[in-house]
Amino acid sequence: MANPNLFASSNAYGTTTYYTPSGTTAVVLLANASSSGKVFKINQIVAANVNGSSAVDCTVSIYSNGSVAQGSAPSGGTAYPIVSTVSVPADASLIVVDKTTAIYLMEGTSISITSGTASGITFSVSYEEISRSEEHTSELQSH
């Protein structure tokens with residue numbers, strides 16, 4: 001189920017996760033595995049500068065490979081930047097995505113993040129994990 005019908009009987013669960021990269025190379029913040037049967041509605045991504053003394057650059061991308069765990073380097077696929085090398089001032093936050101610019105993370109994709117300074121940015125993502133209800137899936141399979 002690569003692109004579930006959101007208006008059929010479905011389940012939706014709100015979740016927030018966060019990660020502070022310890023290095024300066026791209027890592028996965030959120031992955032939607034290729035066989036998850038889910039779509040993630042991304043409501044908010046925030047990049048908070050926790051460095052305290054200087055600005056830190058950050059990049060957030062949709063990555064065309066979602067099969068790696070949070071904190072792992074993306075493998076295969078292509079990065080499509082949402083924001084690219086944006087400077088976040090010391091002790092400030094950048095709202096990368098909010099409800100007015102929500103995006104959907106399809107199966108087999110992920111969100112990757114890069115911080116210009118090791119441990120300089122904490123990224124958080126708030127999203128809804130949407131899938132068909134078990135009852136509706138069973139009903140569809142029996143027809």
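Above: the structure in question.
Bear in mind the structure is a predicted one, so any value in this text is a computation, not a measurement.

**Student:** Any chance you could explain the overall build of the protein here in plain terms?
**Tutor:** Of the regular secondary structure elements, the protein holds one helix and nine strands. Counting only residues that meet the buried cut, the protein has 38% of its 143 residues in that class. Taking the contacts inside the protein whose residues are at least 6 apart along the sequence as the reference set, 84% of them involve residues at least 24 apart. Carbon and sulfur atoms make up 50% of the accessible area of the protein, which totals about 7200 Å².

**Student:** Would you mind showing me how to read the pairing of strand β8 (residues 109–115) here?
**Tutor:** Two faces, one strand: in a regular strand the side chains alternate between the faces of the sheet. Counting buried residues along β8, six of its seven residues qualify, which places the element largely inside the surrounding structure. Relative to β8, strand β2 (residues 27–32) runs antiparallel, the two being bridged by five bridges. Bridge pairing in β8 links asparagine 32 to threonine 109. Sheet topology note: the strand β4 (residues 56–63)/β8 ladder contains six bridges and is antiparallel. Paired with valine 60 across the two strands is isoleucine 113, which belongs to β8.

**Student:** Whenever I open this one, the nonpolar core confuses me. Can you help?
**Tutor:** If you look at soluble globular proteins, the nonpolar side chains tend to sit buried side by side. Core analysis: the biggest nonpolar cluster contains 21 residues, and Leu30, Ile42, Ile45, Val60, Ile111 and Phe123 have the highest contact counts within it. For this core, the secondary-structure elements that each account for two or more residues are β2, β3 (38–49), β4, β5 (79–88), β6 (93–97), β8 and β9 (121–132). Setting aside chain neighbours within four positions, we find valine 60 in contact with Ile45, Pro81, Ile82, Val83, Val96, Ile111, Ser112, Ile113 and Phe123.

**Student:** Is there a simple way to think about the side chain of serine 110 in this case?
**Tutor:** Secondary-structure assignment places serine 110 in strand β8. The class for serine 110 is buried, based on a relative accessible area of 0%. From its side chain, serine 110 meets the backbone oxygen of asparagine 65 in a polar contact 2.8 Å long. Here serine 110 is in contact with Val28, Leu30, Ala31, Ser61, Ile62, Tyr63, Asn65, Gly66 and Leu105, once residues within four sequence places are set aside.

**Student:** Can you walk me through the pattern of salt bridges in this structure?
**Tutor:** Should their charged atoms come close, side chains of opposite charge can pair. Within this structure, the stated rule accounts for one salt bridge. The residue glutamate 129 makes a salt bridge to lysine 38 at a minimum N-O spacing of 2.7 Å. Here glutamate 129 is found in strand β9, whereas its partner lysine 38 is found in strand β3, with 91 residues between them in sequence. Take glutamate 129: its relative accessible area is 19%, and that puts it in the buried class. The partly exposed category is assigned to lysine 38, whose relative accessible area is 26%.

Basis of the calculations
- Residues numbered from 1 in each chain as written.
- Predicted model: local features only at pLDDT ≥ 70, side-chain atom pairs only at ≥ 80, totals over all residues.
- Heavy atoms only, no water.
- Helix = DSSP H or I, 4+ residues; strand = E, 2+ residues; numbered from the N terminus.
- Buried < 20%, exposed > 50% of the residue type's maximum accessible area, 1.4 Å probe, protein only.
- Contact = heavy atoms within 4.5 Å.
- Areas by Shrake-Rupley, 256 points an atom, 1.4 Å probe, with all protein chains shown as cover.
- Pairing = 2+ DSSP bridges.
- Core = buried A, V, L, I, M, F, W, Y, C linked by side-chain atoms within 4.5 Å.
- Polar contact = N/O pair within 3.5 Å; in protein donor to acceptor, adjacent residues only side chain to side chain.
- Salt bridge = Lys/Arg side-chain N within 4 Å of Asp/Glu carboxyl O.

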